[in-house]
Amino acid sequence: MPRRVGDPLVRIAACQVKLQVGECDQNRAAAVAAITEAADLGAQIVVLPELTASGYVFASRAEAYSLAEPADGPTAEQWARLAAGHDLVIVGGFSELGTDGRLYNSAMLVDPSGVRAIYRKAHLWDAEADFFTPGDQPPPVLDTRCGRIAMMICYDVEFPEWVRRPALAGAELLAVPTSWPAELVPAGERPMVTANVQVAAFANRMFIAAACRCGDERGVSWTGSSIIAGPDGYPMAGPASTSRGELLLADCDLSTARDKATGPRNDAHADRRPDLYR
């Protein structure tokens, strides 16, 4: 479905895919299939899950090292070719072997020019701390042909102070590769991680696209429930299934995220009182 020249809408895809730890070739192939399908349906921005290539549930530090790759490794090369071939912006997670010899739970933003930025997850969840070094830099905010895009990873988005940083820096879309472990959800409710994405979007009046994995991996079940939320906090696509692969698509005018007004006399950012928050 081609986009019209001059159309202010940008088609965002959140790709919920099934991945398995250690199956790097298979995982990359699943990502290629999802990216290609999204591009064929007119997507211009594609978001993939956390640790897409390596899988997530490592059995040991040695296994984690064996599945890591440098920031210019095979996953980056593959996504750069796809971005150039389909004129896309791609954001996805990978296990990064840093030049310092440490492992990082990272995400990359790739566009037709190549890898634009690498972000290292700052807030590590549970056993991630056994394998990864936490990042110490704020989420980058990048000007792309589609708009101003920032990225962070999974647990990061549960910290309002961290989400606020790229929002204040002018991000119109926050792309969130994620791996949400399944938790008990009361009947009739949606997973709290999904609700949190909606609240974060509303609190900052910006778009958030979160792409989770699905299925089971070494005894861990994933939440799924990927979502694309608008600046009002409501879903523009999703939440996705809790159990199967799914491609979410939403047509978004990212420029609307520049307006932080919540009413004729209120503004989500201008009304802040940082002097009281210290």
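The notes below deal with the structure included here. (Residues numbered from 1 in each chain as written. Predicted model: local features only at pLDDT ≥ 70, side-chain atom pairs only at ≥ 80, totals over all residues. Heavy atoms only, no water.)

Looking now at the pairing of strand 9 (residues 207-211). Most of strand 9 sits out of view: five of its five residues are buried. The alternating pattern of strand 9 places F207, A209 and A211 and I208 and A210 on opposite faces, both of which are buried. Judged from the five bridges that link them, strand 8 (residues 173-177) and strand 9 form a sheet pairing that is parallel. Paired with V176 across the strands is A210, a residue of strand 9. Note that the unit made of strand 8, helix 5 (residues 192-204) and strand 9 has a crossover that is right-handed. (Buried < 20%, exposed > 50% of the residue type's maximum accessible area, 1.4 Å probe, protein only. Helix = DSSP H or I, 4+ residues; strand = E, 2+ residues; numbered from the N terminus. Pairing = 2+ DSSP bridges. Right-handed = clockwise from strand over helix to strand, strands pointing away.)

To continue, consider the pattern of salt bridges. What the rule picks out here adds up to 13 salt bridges. Across the pair D25 and R28 runs a salt bridge, and its minimum N-O distance is 3.6 Å. Remark: R28 and D25 occur in helix 1 (residues 24-40); sequence separation between them is three residues, near one turn of the helix. The partner of D111 in a salt bridge is R116, with the nearest N and O atoms 2.9 Å apart. (Salt bridge = Lys/Arg side-chain N within 4 Å of Asp/Glu carboxyl O.)

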